[in-house]
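Here's the letter readout for the chains.
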2 protein chains.
Amino acid sequence: MSKLVIVGTVAFDAVETPFGKTDKILGGSASYIGLSASQFDVDSAIVSVVGGDFPQNYLDLFSKRDIDISRIEIIKEGKTFFWSGRYHNDMNTRDTLATELNVLENFQPKVPEAYKDAKILVLGNLHPLVQSSVLDQMSNASTLVILDTMNFWMDHTLKDLLEVIKRVNVITINDEEARQLTGEHSLVTAAKKIHEMGPEYVVIKKGEHGALLFNGTNVFFAPALPLESVFDPTGAGDTFAGGFAGFLAQTENISFKNMKKAVIYGSTLASFCVEKFGTERLESLKSEEVRTRLQAFKDLTRFEIELTT
Amino acid sequence: MSKLVIVGTVAFDAVETPFGKTDKILGGSASYIGLSASQFDVDSAIVSVVGGDFPQNYLDLFSKRDIDISRIEIIKEGKTFFWSGRYHNDMNTRDTLATELNVLENFQPKVPEAYKDAKILVLGNLHPLVQSSVLDQMSNASTLVILDTMNFWMDHTLKDLLEVIKRVNVITINDEEARQLTGEHSLVTAAKKIHEMGPEYVVIKKGEHGALLFNGTNVFFAPALPLESVFDPTGAGDTFAGGFAGFLAQTENISFKNMKKAVIYGSTLASFCVEKFGTERLESLKSEEVRTRLQAFKDLTRFEIELTT
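First things first, this report covers the structure right here in the doc. Remember, predicted model here, so these are calculated numbers, not experimental data.

### Brief notes about the interface of chain B and chain A
Much of the literature gives interface size as the accessible area that the parts lose upon coming together.
Logical step 1: Listed as interface residues are 28 residues of chain B and, on the opposing side, 28 residues of chain A.
Logical step 2: Those elements that place two or more of their residues in the side of chain B that touches chain A are helix H7 (187-197), strand S15 (218-222), helix H9 (256-273) and helix H11 (287-301) of chain B.
Logical step 3: Ranked by residues supplied to the side of chain B that touches chain A, first place goes to H11(B) with six residues.
Logical step 4: The class makeup of the residues in the side of chain B that touches chain A is 15 nonpolar, seven polar and six charged.

Put into structure tokens, the structure is as follows:
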């Protein structure tokens, strides 16, 4: 099986939506990416850090899905990274109520020896210098590196961010962030500029409006599945990245054609994520359910127009 | 050839975008719908009204495309409907600078005798009572009626609007209007509620984010083509409706499968509309160009995932 390394946060989230609110539940980019990627036949490892307050049963959740957690460092005297947010009625915008970095502040990720030549590396949203330090540890130049980031790093550490962007193959970024990073309103033009920064593949996530995959002049669009209700959008972007990376790792094929499928798998998994609070829906997700929803994606997008005449 | 009747405005527009501004140019819902539908093999007629100030060469533009203009009433002593607007930098929002109804104020559309049994009737954005008066003139119960409307009528003449909605087969409406009409944020739920109001087909236009087609539990999504620059969005929704209706009229097939194709044709024509000011791009549009862009839509959305295993 292909190896997949996921570096990101494992955290506590407290979420408030128009449908209800949670106490501290499992959150963090690496948690969503890992659970999502665990739908595929891959050997994956999460590299992260938590405090002494992090419950064993959350760690067991990863282990039960055969995710290597040997490099989720536990700092006994520290506290786990905590984020809290409240979504507005439209579910597209949210206010951050609290961000407590805690043990994340001094996070020095260490990739397990056996994973330094992994097929795929996902760098979840973290300080760009931390992301760079992971790249320095990898031993195989052919590892496909997928980077996620956000506007915070553009505002505060743009130079470091540009350095790490230069070194990755794929970037996943949302539409507003793509515009901020490039100063271009058109996503087509923004993707071109990001290509010039380094990544040969650019995935622009548009939330409920789907996702675009760019590779030079090739472009592919995957809609989000229209849903009756979005319960909690937290982690949808990371779940997308996890599905995308998991599928690529399993199939060991990074052609544009296969990348398109990976985008559909990512969108499919993200469509489950938003149905319940936090990681709850991902935890119970069955492969038959994924299959049924992939069919829904086919039905949603398929049309027949013959252009040969 | 199938007959298509288009009832709507033929107008002057003055548009300002970040790319420039126009003097009074050809505008109006029926103009866009008619020019767009003229890409198909259909017998179409525009029913509208203009003033004595309306230039003959604009009327010739329709005639040259074999559009019946016998019921574009010319009120010599009146002035043509005029709309003026300014788009913001994001091109998704605009301010209306002027709306002069002029001859539109007393518009009493009269469907040409030969078109009262038309295959397709498009009711462009107008007062719902005017739209209803057109329905009263039609003689064939099997005419497929496509209604376009906007938030203005929801705000001011909701009861009349609901009456006309009850009588149509297809409604095209944008996402915010669908939400306003139903009080539902989810477009899936909104479409359900609109089904209950009458139309068995609901098309929700999301501008640069594409369009959704609902028919009971069937749903289809067509993206908008990602463009490097949107020059002027005016008329894109009407151009969509014209392509949608023109294709249905030509093919005389209103199965869901064919409706999906019609949505793609509508999206394709709309993608041209926004490339230049007003109707300019539609006027010069060649069928080969349409064909090439249809291929781009296929490439944009096509993926292969086998689910048989």
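### Points about the packing of helix H3 (residues 128-137) of chain B against helix H5 (residues 158-166) of chain B
All names here are of chain B.
Logical step 1: Close contact between H3 and H5 brings their axes to 8 Å; oriented N to C, the two are set at 30 degrees. As judged from the angle between their axes, H3 and H5 are roughly parallel. Crossing of H3 over H5 shows left-handed handedness. Residues Pro-128, Leu-129, Gln-131 and Ser-132 of H3 lie in contact with H5, whose contacting residues are Asp-160, Leu-161, Glu-163 and Val-164.
Logical step 2: Its residues placed into classes, the contact of H3 with H5 shows four nonpolar, two polar and two charged.

### Notes on unusual backbone geometry
Residues and elements named next belong to chain B.
Logical step 1: Positive phi is not limited to glycine here, since Asp-66 has a value of about 60 degrees.
Logical step 2: The backbone phi angle of Asn-102 is positive, close to 55 degrees, even though this residue is not glycine.
Logical step 3: Here Asn-102 lies in the loop between strand S9 (94-100) and strand S10 (120-123).
Logical step 4: We classify Asn-102 as buried; it has 20 C-beta atoms within 10 Å.

### A word on helix H2 (residues 56-64) of chain A
Every α-helix carries 3.6 residues per turn, so stepping three or four residues along brings you back to the same face.
Residue and element names in this part refer to chain A.
Logical step 1: Buried residues of H2: Tyr-58, Leu-61 and Phe-62, and no others. One side of H2 holds all its buried residues, which, seen down the axis, span an arc of 95 degrees. More than 90 degrees from the buried face of H2, the exposed residues found are Gln-56, Asn-57, Asp-60, Ser-63 and Lys-64.
Logical step 2: Where the residues of H2 are buried, they touch strand S4 (25-27), helix H1 (29-37), strand S5 (43-51), strand S6 (67-68) and helix H10 (280-284).

What counts, and at which threshold
- Residues numbered from 1 in each chain as written.
- Chains lettered and ligands numbered in written order.
- Predicted model: local features only at pLDDT ≥ 70, side-chain atom pairs only at ≥ 80, totals over all residues.
- Contact = placed C-beta atoms within 7 Å.
- Helix = DSSP H or I, 4+ residues; strand = E, 2+ residues; numbered from the N terminus.
- Nonpolar A, V, L, I, M, F, W, Y, C, P; charged D, E, K, R; others polar.
- Axes fitted to C-alpha atoms, helices over the stretch in contact; angles between N-to-C directions.
- Parallel < 35°, antiparallel > 145°, perpendicular 65-115°, else oblique.
- Left-handed = near helix turned anticlockwise from the far one by under 90°.
- Buried ≥ 20, exposed ≤ 12 C-beta atoms within 10 Å, placed from the backbone.
- Arc of directions from axis to C-beta.

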